[in-house]
Amino acid sequence: MNCLGNILWLIFGGLLSGLSWVLAGCLWCITIVGIPVGVQCFKFASLSLCPFGKEVRYGGGAVSTLVNIIWLLISGIPMAVEFALLGCLLCITLIGIPFGLQMFKLAKLALMPFGAVIE
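The residue numbering used here restarts from 1 in each chain and proceeds along that chain's sequence as written. Owing to the predicted nature of the model, reporting of local features is limited to residues with pLDDT of at least 70; listing and counting of side-chain atom pairs is limited to 80 or more, with chain, interface and lining totals taken over all residues. With hydrogens and water stripped out, all remaining heavy atoms of the structure feed into the side-chain values.

> Let's hear about the environment of Gly-13: which residues, and what values?
Here Gly-13 lies in helix α1 (residues 2-28). Sequence spacing of Gly-13 and Leu-86 is 73 residues, and the spatial spacing of their C-alpha atoms is 7.9 Å. We count a stretch as a helix when DSSP gives it H or I for four or more residues in a row; a strand needs E for two or more, and each element gets its number in order from the N terminus.

> How would you sum up the side chain of Ser-48? Please name residues and give values.
Mapped onto the secondary structure, Ser-48 falls in helix α2 (residues 35-49). A contact between two residues is defined here by any heavy atoms of the two lying within 4.5 Å. Leave out the neighbours within four places in its chain, and Ser-48 touches Trp-9, Gly-14, Ser-17, Gly-18, Trp-21 and Leu-106.

> Would you mind going over the packing of α1 against α2 in detail, with residue names and values included?
Here an axis means a line fitted to C-alpha atoms, over the contact stretch when the element is a helix, while the angle between two N-to-C directions is reported on a 0 to 180 degree scale. In contact at an axis separation of 8 Å, α1 and α2 are set at 175 degrees when each is read in the N-to-C sense. Comparing their axes, α2 and α1 come out roughly antiparallel. We call Asp, Glu, Lys and Arg charged. Ala, Val, Leu, Ile, Met, Phe, Trp, Tyr, Cys and Pro are nonpolar, and the rest, Gly among them, are polar. Looking at side-chain class alone, the contact of α1 with α2 contains 15 nonpolar, 7 polar and no charged residues. Each angle receives one of four descriptions, namely roughly parallel if under 35 degrees, roughly antiparallel if over 145, roughly perpendicular if within 65 to 115, and oblique otherwise.

> How would you explain the state of the cysteines if you had to name every residue and give the values?
Cysteine sulfur atoms that come within 2.5 Å of each other are treated as a disulfide pair. By the definition in use, this model includes 0 disulfides. We note that Cys-29 lacks a disulfide partner, and the nearest cysteine sulfur, in Cys-26, lies 6.7 Å from it. There is no disulfide at Cys-88, and the cysteine sulfur nearest it, in Cys-91, is 6.9 Å away.

Rendered as structure tokens:
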């Protein structure tokens with residue numbers, strides 16, 4: 001079921017969300033200071049391309065909180081709004097609800113990506 005869900009996910013919005021993470025990662029990697037943030041964005045792009053069967057566990061410390069605040073101000077809010085709007089659109093139909101829930105999972109991840117571990 002996870003394989004079928006991931007294939008359908010790529011067709012109905014997963015590719016767009018994955019490209020959003022890749023674009024954010026490329027923009028962060030322009031500066032030397034932003035490279036660790038960009039690498040984290042690339043990790044989440046892989047989750048965004050195949051989210052079914054994967055869970056996100058949140059944690060982290062003071063450094064993660066500081067980087068999350070910087071991330072939120074620069075990239076987090078636009079990405080979270082994008083994923084939340086796509087999630088609302090997908091939840092309009094009964095068939096789209098599982099895909100909408102995955103978009104909401106990515107919206108939460110877009111707000112606080114640092115300190116999160118993909119399982």
